[in-house]
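Read off the chains here:
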Amino acid sequence: MVKILDRLLLFIYTLFVGVALVFLLVAAFGFVPIDTAGDFVYDLYYTESVAYPIIALALFTLLVTCRFFYVAIRRGRSQVPSIDQRTDYGDIRISLETVENLSLKAAGRVRGVKDLKARVAVTDAGLEIMIRALVDGENSIPDLSEEVQRSVKGHLEDVTGIPVAQVSVFVANVTQSTSFKSRVE
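Residues numbered from 1 in each chain as written. Predicted model: local features only at pLDDT ≥ 70, side-chain atom pairs only at ≥ 80, totals over all residues. Heavy atoms only, no water.

Undergrad: Quick rundown of the sheet that holds strand β5 (residues 164-174)? Include the residues and the values.
TA: Strand order in the open sheet formed by three strands is β3-β4-β5, with mixed pairing between adjacent strands. Unpaired on one side and paired on the other, β3 (113-123) and β5 mark the two borders of the sheet. Direction aside, the axes of adjacent strands within the sheet are offset by 15° on average. With nine bridges joining them, β3 and strand β4 (residues 126-135) adopt antiparallel strand pairing. Bridging from a neighbouring strand, Ala121 pairs with Glu128 of β4. Sitting on the sheet, helix α4 (residues 96-108) is in contact with β3 and β4, with an inclination near 140° to β3. Lying over the sheet, helix α5 (residues 141-160) contacts β3, β4 and β5, oriented at roughly 140° with respect to β5. (Pairing = 2+ DSSP bridges. Helix = DSSP H or I, 4+ residues; strand = E, 2+ residues; numbered from the N terminus. Axes fitted to C-alpha atoms, helices over the stretch in contact; angles between N-to-C directions. Contact = heavy atoms within 4.5 Å.)

Undergrad: Tell me what's going on with the packing of aromatic side chains, and back it up with residues and numbers.
TA: Following the criterion strictly, the structure yields four aromatic pairs and no others. Both rings, one in Tyr13 and one in Phe68, keep their centres 5.4 Å apart while their planes meet at 75°; by these two values the pair is edge-to-face. One end of the pair, Tyr13, is in helix α1 (residues 2-28); the other, Phe68, is in helix α3 (residues 48-73), and 55 residues separate them in sequence. What makes Phe68 buried here is its relative accessible area of 18%. Joined through ring pairs, the aromatic side chains of Tyr42, Tyr45 and Tyr46 make up one cluster. (Phe/Tyr/Trp six-rings, centres within 6.5 Å; stacked < 30°, edge-to-face > 60°. Buried < 20%, exposed > 50% of the residue type's maximum accessible area, 1.4 Å probe, protein only.)

In structure tokens:
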């Protein structure tokens, strides 16, 4: 809610500053006659119906400026991307890095896959996991992929309790087996 309010204030603030700058530029280039500008300044000093709205607008702008200054310099808590859950006992925050590591752990248990990397995205439907892997080329790639998907989905849902919407497996390459035949002389 605070972020939405700040964004609305920023919109109004930039709109006001933009309009004020246009008026200043028009006056600076001499497009406003000096008599009109003088009348406005006179009204600003001596006419309450002009002075009070300008004072209110200036105070509002000053308050918004102070708010933006505070937001700019405050020390925010480090915003680690996380998944928040509410339970009967309180809140649980699980970092996306934790989910990535759990995904890698589950995918690493599948024989035939190596050099794993994981990416996690949070959607309304649940977690979307992208696993990048190298395969050994000895086993069926569709079978390995399905096994990785089942393993990652099951492990994450069991450990975190967060529904997994999708597990995508990207097979980047086939690893070259480095088996050397020893030569006996």
